[in-house]
Amino acid sequence: MFALDFYTTANSKGPDPDMSDSLQRKTRVRMRIASTIQCRKFPNQYGTGYKGVNAADIGRIASKHVKVTVSQKSPSAPKRDRHRTVTSNDSSKNIMNHVNCREDVKKPLLQDVEMHDPAKEDDKQENEATMTAVNGEVEGQGATNQEEDMEEEDDCRAEATFNFTIENVSKMKETVLSPPCMVRNLPWKIMAMVRYNQNAERQKSLGFFLQCNSDSDSISWSCNASAELRILTWKSDGEPFIRKIQHLFYIKENDWGYSHFISWQDLFDSDKGFVKDDKVTLEVHVVADAPHGVSWDSKKHTGYVGLRNQGATCYMNSLLQTLYFTNKLRKAVYQMPTESDDCTKSVPLALERVFYELQFNDKPVGTKKLTKSFGWETLDTFMQHDVQELCRVLLENMESKMKNTCVDGTIPKLFEGKMMSYIRCKHVDYCSQRVEAFYDIQLNLKNKKNVEESFQDYVKVETMEGENKYDAAEYGLQEAEKGVIFISFPPVLHLHLLRFMYDPTQDANIKINDRFEFPEKLHLDSFLHKKEKTPATYILHAVLVHSGDNHGGHYVVYVDPEGNGRWCKFDDDVVSRCTKYEAIEHNAGGHDEDISVKHCTNAYMLVYIRESAMKEVLEPVIDCDIPDGLHKRLEQERRLEALKKKERTEAHLYMNIQVVTEDNFFGYQGNDLFDQEKKCFDCRVFKVKKMATLLEFMEMLSENLKYPIAQLRPWPLQLRQNQTFRPTVIDLDADINKSVQDLADNERPWTVYVETLNPESPLKELPSFDKDADVLIFFKLYDPRNKSLSYICHKYVPIFTKATELMPELCRKAGFPVGTPLLLYEEVKPNMLERLENCDQSMDKLFEELMDGDIIVYQRDDPTHDTYELPTAKDYFRDLYNRVEVMFCDKTQSSDTGFTIQLSLRMNYDQMANCVASHLGTDPYLLQFFKPQGYRDGPGNPIRCTFDGLVKDILLYTKPRQPKKLYYQQLSIKISELENKKQFKCIYVNGKLKEEKELVLFPNKTGRVSDLLIEARKQIEPLDENRKLRLLEVISYKILSVQREDLMLEVLNSGGATKTFRIEEVPSDEVSIADDETLVPVAHFHKEVYSTFGVPFLLKIKQGEQFADVKSKVQKKLEVSDKEFEKYRFAVIVMGKVEYIGEEDPNFAVNISSFQPHTVQGGGNMQARPWLGLDHINKTPKRSRYSYLEKAIKIHN
């Protein structure tokens, strides 16, 4: 095999015309690859979007006649032997990122990449002529499109070797860059420079870096890669100088390597042969993962698509891909009946949709509809969970949804195996057995080498003897053997590796990253009770991998989709081909010495398929496996989604125009002509191109409203300076060809009142309107009897018309006899109506400022109206101004939608309470109201029933432009009585220190501790009336004091997150305390006295009592076994100082003075409060408040 060398000058030559056809064809292929890579330096020539090497770099390279070789194979010269390749272990380890000039030290631990022996390359020429690289693998191809396939797959390959020859290296001063080599569709370059060091021993050296995607403008791309950086030797028996790197390349760190790769002296050492004729050849072998944040076409490169990550849903994406490629399960999911399901709540339909899109989409698939069907909120998608837990929950949900359908039983048929737990007596004929079903097997991997050892540990026989003898009914306590044996294994076997476990020494959950091997073929016959019909031989199908620790991380999955050894890596939305070695060996864990694999990256869940069931389980899913109804429904959804997407992309070309007609005015009782806040629900919205003309818009209106254009006239609604929203004139003659965008004057949305011809009118078109001589007036009628407004009509009124001339028509419209005296008002703005006194004047003089859209409110002039509550329109609008709609929500129900009541801002507290009580059907004195919080949605401070302000004062701090909201709660006692009480929260603990219950008590504010205990007794059931209660103050799991019953409650302050009050029963032996006795606070801790935990308690001890008796009382109170109690250590703790007791002399006599509070010398009034500490491991692991496993996975639908 040969490599094609070419120069950056124009002297490159093609293959020799005298070559044979076969050799010329091979040469053309290699030449095309090399030319493709070389041409990447020209901007955008191949549509990659990368700028490539800049002009200065090209000029610099060309001027120096730098010789470059780019190939997947090593050049024929200089030679190298893979068996004699060495890795530098220079103690400097000066790996760095050149951009940031960081001298970060990285341990060169990369596994040696297998390289071809040059001596054997010629023997492989004929075979390789018909092969092409696919994502780092070699796959046989037909000869028809061999060259095109080779070029197409070249850019997306997973690894490549390319080199860069620098001439005149001794004179090199500036940074030089090689032409790009495309790997994973990203340009990679060798970057070299001269570096200087203050260290006298190595003053001058060569800097060697690998650069990735340096000219991209994108800020979101990233690519993880490992590489070998080599300086080749020109000697046939020489050894290349190699260093290794592993790095996540991204915009801020787009190059990585060594600032001092090799000293200048070593570089020019003639014995090593790195430089010949003042030329040096740098070579890089790079292995890269598929990139994120760039246009990586997973479908094109692998035939499959990924799943988009919603925030922290990588664990779910990995599991969904695994289930999707369990083809028999996918077929069953498609067959689940979902025709009548709610598309937002149906889990089966959402799962069908995800599987369907994974099968037919060309782009990554979203999972928002699936998580929404789970009943999850947005926060749930940003909370990472355990993939094993989700697997169980999801399969259980699917199994329940499949019941009584045509696919009932699919889940157990695929995933269910059976095991038998047994206890067999050794000396009598007695055996207890129980058969259990399982969907997965949890394997312990601590101190285990591989899966087989874990299975052996799983079925290991445990001997029950000594104190742990088995109770064999009529045979009594017997020595026995306890174990598990498998009865059957399922077609699809899920193995969950227990990498997370609780470490009592650290008192925390940890992840085990030990190496744990799993085979491609797994034999389990030896673990079966009886052999099954087919061998229990399993083929590895998927490996779910976790990177990170107990606090979080990332999941990916490696899958062999067709079971043919062609593995793919599914990393959320990116799918790429990978080797079997990557899928299995790289994920075994324990790669401490391999820089190419992260230490915390390892297999977490394995999926095996029974060899005899492979064909059935992985049978391809074709179109006929999808019901026609489901296919049509999902295709319709896809079309609608595509349409919505198109609308979103074209949204900037359109604007919304809201159209109101006179129908919107009728029945409206407020200011202006219609309710602006509700107009979006009542008016018609037209989506119109911004550049459409007014004429085109009117044609659209004509078609939609079914009126000829001549019977329509638009009146844009304009917000006046006095905050009223009124129609204004538009010049149809002058503006008919103007765009609606210009006419709207940047109003979004644009609201237009469209006047239409009355259908009862004899006219054929609307009357003409003279904008200089006419004015558009609207008329409303006020009825004081019903306290209501009625929209009457609109009218074109000449500006010189007198108001008296309008009255006969107004009377007729209102149903009054002609000549009925009327009162006329101008509606100026909210809460401002002005009486039109002299109606004999013309309109332009009657109004202070006459404008189109003005409103006249009129009513009958009747002296008897004074008897009504709101006799005039002016009174009505004043009352209207104070009206407010308030939403009341139940404080005790977080999801309560509430109800809305119309109140007056001038109401007082009692009036408001009466209105709400009337709606709820309760006593107003059994309601308590709360203001809303200013910073978030929720109840705030309570409103006292003696509040002397008005409703407007209560609503003063509600958010503007938001619905007015107050909160309430119904009480069992009157609010006046409640406000004289104090809310007191405490914890109740029973005599066994087991049962805890939160109590919310309401004693009188002026009450004492005894009153609090009386209130608590009412809530504690059942409780012996003769049993006494006491109140303890607990801080950080330690009892600080026992509160006296005569202590005033107002003295007690519940301050701090670690302080609580506890009510408990007083044990009968502690009711009376003799002079030689005392109560000692006892608390649990581990190693550090500040690491207290558990439930503290009081213990009565007596002067001179044997300490062994004290320990017995503690053991009895805690109900701890002898074996466990032996691990407890006892200590007296005073002011943080620990003194362990009873270890040298367990029978010493107790001195109660050691446990009594005493004054600290020099501490003023400070008192030391000794307590008895129990030092032992906390068996209940603490759960971090921010742990991603804090919330259990639930599928609510």
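Caption draft 1: Structural view of the overall build of the protein chain. The secondary structure content of the protein chain amounts to 30 helices and 58 strands. Sequence separation of 24 or more characterises 68% of the internal contacts of the protein chain that already satisfy a separation of 6 or more. Split by element, the accessible area of the protein chain, about 60,600 Å² in all, is 47% carbon and sulfur.

Caption draft 2: Looking closely at helix α29 (residues 1107-1118). Between its first and last C-alpha atoms α29 spans 17 Å; for twelve residues at 1.5 Å apiece the expected length is 16 Å, and the two agree. Regarding α29, the residues found buried are Phe1107, Val1110, Val1114, Gln1115 and Leu1118. In a view along the axis of α29, the buried residues occupy a sector of 135°, so they form one face of it. Close packing links the buried residues of α29 with β52 (1077-1086), β53 (1088-1102), α30 (1122-1125), β54 (1129-1134), β55 (1137-1141) and β58 (1171-1175).

Caption draft 3: Highlighting the pairing of strand β45 (residues 939-943). Pairing between strand β44 (residues 927-932) and β45: three bridges, direction antiparallel. Looking at β45, one finds that Phe930 is bridged to Pro942. As consecutive antiparallel partners, β44 and β45 are separated by six residues.

Caption draft 4: Highlighting the pattern of salt bridges. Across all of its chains, the model carries 44 salt bridges by this definition. The closest approach of N and O atoms between Lys369 and Glu641, which form a salt bridge, is 3.1 Å. A residue pair is termed long-range when its members are at least 10 positions apart, and Lys369 in helix α11 (residues 368-373) and Glu641 in helix α17 (residues 628-649) qualify at 272 residues. Taking the relative accessible area as the measure of exposure, Lys369 reaches 37% and is therefore partly exposed.

Caption draft 5: Inspection of the packing of aromatic side chains at higher detail. Under the counting rule described, the total for this entry stands at 47 aromatic pairs. Here Phe489 and Tyr538 contribute two aromatic rings whose centre-to-centre distance is 6.4 Å and whose plane-to-plane angle is 85°, an arrangement assigned as edge-to-face. With a gap of 49 residues between them, Phe489 in the loop between β22 (480-488) and β23 (492-497) and Tyr538 in strand β27 (residues 537-549) connect regions that are remote in the sequence. Between Phe899 and Tyr968, the ring centres sit 5.8 Å apart and the planes meet at 55°, which makes this aromatic pair tilted. One end of the pair, Phe899, is in strand β43 (residues 899-904); the other, Tyr968, is in strand β46 (residues 964-970), with 69 residues separating them in the sequence. Each member of the pair Phe899 and Tyr968 is classed as buried. By way of ring pairs, the aromatic residues Phe438, Phe455, Tyr458, Phe486, Phe489, Phe527 and Tyr538 are connected into one cluster. Its guanidinium or amino end placed over the ring of Phe261, Arg243 lies 5.9 Å from that ring's centre, counting from NZ or CZ. For Arg1129, the ring lying beneath its charged end belongs to Tyr1140, and the centroid distance is 3.8 Å.

Caption draft 6: Geometry of the environment of Asp386. Looking at the element boundaries, Asp386 is found in the loop between α11 and α12 (387-402). Taking the relative accessible area as the measure of exposure, Asp386 reaches 13% and is therefore buried. For the pair Asp386 and His546, spaced 160 residues apart in sequence, the C-alpha separation works out to 9.9 Å. A polar side-chain atom of Asp386 sits 2.9 Å from the main-chain amide nitrogen of Gln388.

Caption draft 7: Structural view of the sheet that holds strand β47 (residues 984-989). A sheet is described by the order of its strands in space; here five strands give the open sequence β48-β47-β51-β49-β50, paired in mixed fashion. Of all strands in the sheet, those with a lone pairing partner are β48 (996-1001) and β50 (1038-1043), marking the two edges. Neighbour-to-neighbour, the strand axes of this sheet turn through a mean angle of 35°, independent of strand direction. Strand direction decides the pairing type here: β47 and strand β51 (residues 1059-1065), joined by three bridges, are parallel. Its bridge partner being in β51, Tyr988 is matched across the sheet by Ile1063. Packing of helix α28 (residues 1009-1019) onto the sheet brings it into contact with β47, β48, β49 (1029-1035), β50 and β51, and relative to β48 it is tilted by some 120°.

Caption draft 8: Examining the nonpolar core more closely. Of all hydrophobic cores here, the largest spans 66 residues; its most connected members are Leu329, Phe355, Met398, Met402 and Phe415. Residues within four places of Phe415 in sequence aside, it is in contact with Leu323, Thr326, Leu329, Leu395, Phe438, Tyr439, Pro490, Val492 and His494. Grouped together as the second largest cluster of nonpolar side chains are 39 residues, Phe164, Ile190, Leu206 and Val284 included.

Caption draft 9: Examining the state of the cysteines more closely. Under the defined criterion, the tally for this structure stands at zero disulfides. Cysteine Cys212 is unpaired, with the sulfur of Cys223 as its nearest cysteine sulfur at 5.3 Å.

Caption draft 10: Region of the structure containing the sheet that holds β52. Strand order across the open sheet formed by five strands is β53-β52-β58-β54-β55, with mixed pairing between neighbours. Each edge of the sheet is formed by a strand with only one pairing partner; in this case those strands are β53 and β55. Neighbour to neighbour, the strand axes of the sheet diverge by 30° on average, direction disregarded. The pairing of β52 with β53 spans nine bridges and is classified as antiparallel. When the sheet's bridge partners are listed, Pro1081 is paired in β53 with Leu1098. Packed on one face of the sheet, α29 meets β52, β53, β54, β55 and β58 and runs near 110° to β53.

Parameters at a glance
- Residues numbered from 1 in each chain as written.
- Predicted model: local features only at pLDDT ≥ 70, side-chain atom pairs only at ≥ 80, totals over all residues.
- Heavy atoms only, no water.
- Helix = DSSP H or I, 4+ residues; strand = E, 2+ residues; numbered from the N terminus.
- Contact = heavy atoms within 4.5 Å.
- Areas by Shrake-Rupley, 256 points an atom, 1.4 Å probe, with all protein chains shown as cover.
- Expected span 1.5 Å × (residues − 1).
- Buried < 20%, exposed > 50% of the residue type's maximum accessible area, 1.4 Å probe, protein only.
- Arc of directions from axis to C-beta.
- Pairing = 2+ DSSP bridges.
- Salt bridge = Lys/Arg side-chain N within 4 Å of Asp/Glu carboxyl O.
- Phe/Tyr/Trp six-rings, centres within 6.5 Å; stacked < 30°, edge-to-face > 60°.
- Lys NZ or Arg CZ within 6 Å of the ring centre and 35° of its normal.
- Polar contact = N/O pair within 3.5 Å; in protein donor to acceptor, adjacent residues only side chain to side chain.
- Axes fitted to C-alpha atoms, helices over the stretch in contact; angles between N-to-C directions.
- Core = buried A, V, L, I, M, F, W, Y, C linked by side-chain atoms within 4.5 Å.
- Disulfide = S-S within 2.5 Å.

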